[in-house]
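Descriptive analysis of the structure
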Amino acid sequence: MDAGILREAGFPPVDYDRWVQLAEKALKGLSFEGALVSDTDDGIIIEPLYDRVRNARPLPRSQPDRPWRIIQRADDPDPTRANRQLIEDIENGANGVALVFEGAQNAFGYGLPAKPDTIPRLFDGVKLDDLHLRIDAHPNGRSCADWFVDYMRSRRIDPMRTTFSLGIDPTATLASAGWLRMSIEALKASLPQSLSGFFASGLPGIVLEADGRPYHNAGATEAQELGAMLSVAIGHLRMFEEARQPIVYAAPHIGFSVSADQDQFVTIAKLRALRLLWTRLQEACGIPPAPAAIHVETSMRMMAARDPETNILRTTIASFAAAIGGADTISVLPHTVTHGLPDPFARRLARNTQLVLVREANLGFVADPAAGSGGIEALTEALCEAAWNAFQALEREGGILKSLVHGHFQAQIAEAREKRTAAYREGKRSIVGTTIYAPKEDRPVTVLPAERKAPPSEGAVHCEPLTFKRIDESLSEETAVAETEAVQ
């Protein structure tokens, strides 16, 4: 058959109403709304079909001239073992490292020792040129930042040949640990002055972060996570302003850390919404907007203990969504993280997940490929509105720090978590390998020998710490309680 006949073929026009009729016919009696219309945790309705958005503008990353950076976690309590793993990661394609110290909210009971000699031991024999180096937020973040800068100076690392993030976010520490080393008032008064040395040193990079991962992993909705990060970011800007430092120079040194889960389209929209919201916040402050520097780590709350190989599917979808959404750096949690400290094989799979996406699928080849997609653009806009409302609600309470101290934000997150758990319990949502297609018996999982430590619990300001529970943990606890009550 001549392919040219397709150019001459005529197809009848199909409008939305006609499409709905055809869809209902294919559903064979099922409800159109129930089968094809869904909603997010924030109540945002997702329709099955959207018109294309014309003349859409792509949202640029902070480094638009290169793909995202592949970040591997250094979280082994044994620095020598962590050093060997880091060398292997870099030799096999990673171009960044996240230093996860003990006590960090994403250390999950492990982490590098918070000692001055840890950084030299970790980087022994490691060429740091063109690497992205980041420190994840934790209680000793200020001290570790000093150790990091001292080490950079001792090795005479050219700051223009690498990028870094110090990851300082006291709010994330308060939310996850429930305490700070000083009062909020003392923190606001001392932090800008203590950080002035970093700016005076001329080191380029992110100094302060707004970390949304503690809220996500505790059960927050996307709007709650975004609203919390905006409240943290505006708090950073206020500190600079009160210290009489021009916020126009401070904004490029503020970054964001976000969680990405298996909900592909919502994750893409969440990252795009964050870029728009940060631009809007800077405009409201009267400064030229700097692009958001976004670090993404795959979600811990979505990970499952049963059939852990299914976690590879979840982290692949999450990292794909993070790349499409415009992440600047991405870290993938190894699939065995729910069982202990991941071994080199699990870490290699986490690394290779990104290598396949960036080198074989070429996801970093196009800037903001979701631009113009009717569904993604509509979801992005709706998330912006919901997140801005969540941000304004926190600001009316005096900011996220005060909301945490009074326990209000924790209660809102707990409510969202319980609502989500109920959806899984009622079968409206499912977890492959746990609630559906569960294996008949669990297979052995190999992890590294390491002692899991409880988070430190000391400080001057106390609040109710966020409860970190994976979704499968919440479901298994409810099942255990039900079985106990049945026996009684």
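Above this text sits the structure in question.
An account of the accompanying structure is given in this report.

The rules behind each value
Residues numbered from 1 in each chain as written. Predicted model: local features only at pLDDT ≥ 70, side-chain atom pairs only at ≥ 80, totals over all residues. Heavy atoms only, no water. Axes fitted to C-alpha atoms, helices over the stretch in contact; angles between N-to-C directions. Helix = DSSP H or I, 4+ residues; strand = E, 2+ residues; numbered from the N terminus. Parallel < 35°, antiparallel > 145°, perpendicular 65-115°, else oblique. Left-handed = near helix turned anticlockwise from the far one by under 90°. Contact = heavy atoms within 4.5 Å. Nonpolar A, V, L, I, M, F, W, Y, C, P; charged D, E, K, R; others polar. Core = buried A, V, L, I, M, F, W, Y, C linked by side-chain atoms within 4.5 Å. Buried < 20%, exposed > 50% of the residue type's maximum accessible area, 1.4 Å probe, protein only. Pairing = 2+ DSSP bridges. Patch = residues over 30% accessible without salt bridge, like charges linked within 9 Å, V, L, I, M, F, W, Y side chains within 5 Å. Areas by Shrake-Rupley, 256 points an atom, 1.4 Å probe, with all protein chains shown as cover. Salt bridge = Lys/Arg side-chain N within 4 Å of Asp/Glu carboxyl O. Phe/Tyr/Trp six-rings, centres within 6.5 Å; stacked < 30°, edge-to-face > 60°.

1. Section: the packing of helix H13 (residues 310-325) against helix H14 (residues 344-360)
Running from N to C, H13 and H14 cross one another at 40°; their axes reach a closest spacing of 10 Å. Judged on the interaxial angle alone, H14 and H13 are oblique. The two elements H13 and H14 cross, and the hand of that crossing is right-handed. Contacts from Ile312, Thr316, Ser319 and Phe320 in H13 reach Leu349, Thr353 and Leu357 in H14. Broken down by class, the residue content of the contact of H13 with H14 amounts to four nonpolar, three polar and no charged.

2. A word on the nonpolar core
Counting 109 residues, the largest nonpolar core has Leu99, Phe123, Leu133, Phe148, Tyr215 and Trp278 as its most contacted members. When residues in this core are grouped by element, the largest group, 10 residues, is from helix H10 (residues 222-242). When residues no more than four places from it in sequence are discounted, the contact partners of Phe123 are Asn83, Leu86, Val97, Leu99, Leu128, Leu133, Tyr151 and Arg155. Within the second largest apolar cluster, five residues are counted, among which are Ala304, Tyr424, Ile431 and Ile471.

3. Looking at the pairing of strand S5 (residues 132-135)
Taking every second residue as pointing to the same face, both faces of S5 are buried, with His132 and Arg134 on one and Leu133 and Ile135 on the other. Alignment of strand S4 (residues 96-99) against S5, held across four bridges, turns out to be parallel. By the bridge assignment, Gly96 is partnered in S5 with His132. Pairing analysis gives three bridges linking S5 to strand S6 (residues 163-168), with the strands arranged parallel. From the neighbouring strand, Leu133 faces S6, where its bridge partner is Phe164.

4. Regarding a nonpolar patch on the surface
A contiguous nonpolar patch, built from Val432, Ile436 and Tyr437 and spanning about 310 Å² of accessible area, is present on the exposed surface. By secondary structure assignment, the location of Tyr437 is in the loop between helix H17 (408-425) and strand S13 (447-448).

5. Structural notes on unusual backbone geometry
The phi dihedral of Asp130 falls on the positive side, at around 65°, and the residue is not glycine. Within the element layout of this structure, Asp130 appears in the loop between helix H5 (118-122) and S5.

6. Points about the packing of aromatic side chains
A full pass over the atoms with the stated rule returns six aromatic pairs. Ring centres of Phe148 and Phe164 lie 5.7 Å apart, and the angle between their planes is 45°; this geometry places the pair in the tilted category. Note that Phe148 is positioned in helix H6 (residues 141-154) and Phe164 in strand S6, a separation of 16 residues in sequence. The residues Phe148 and Phe164 share a single accessibility class, namely buried.

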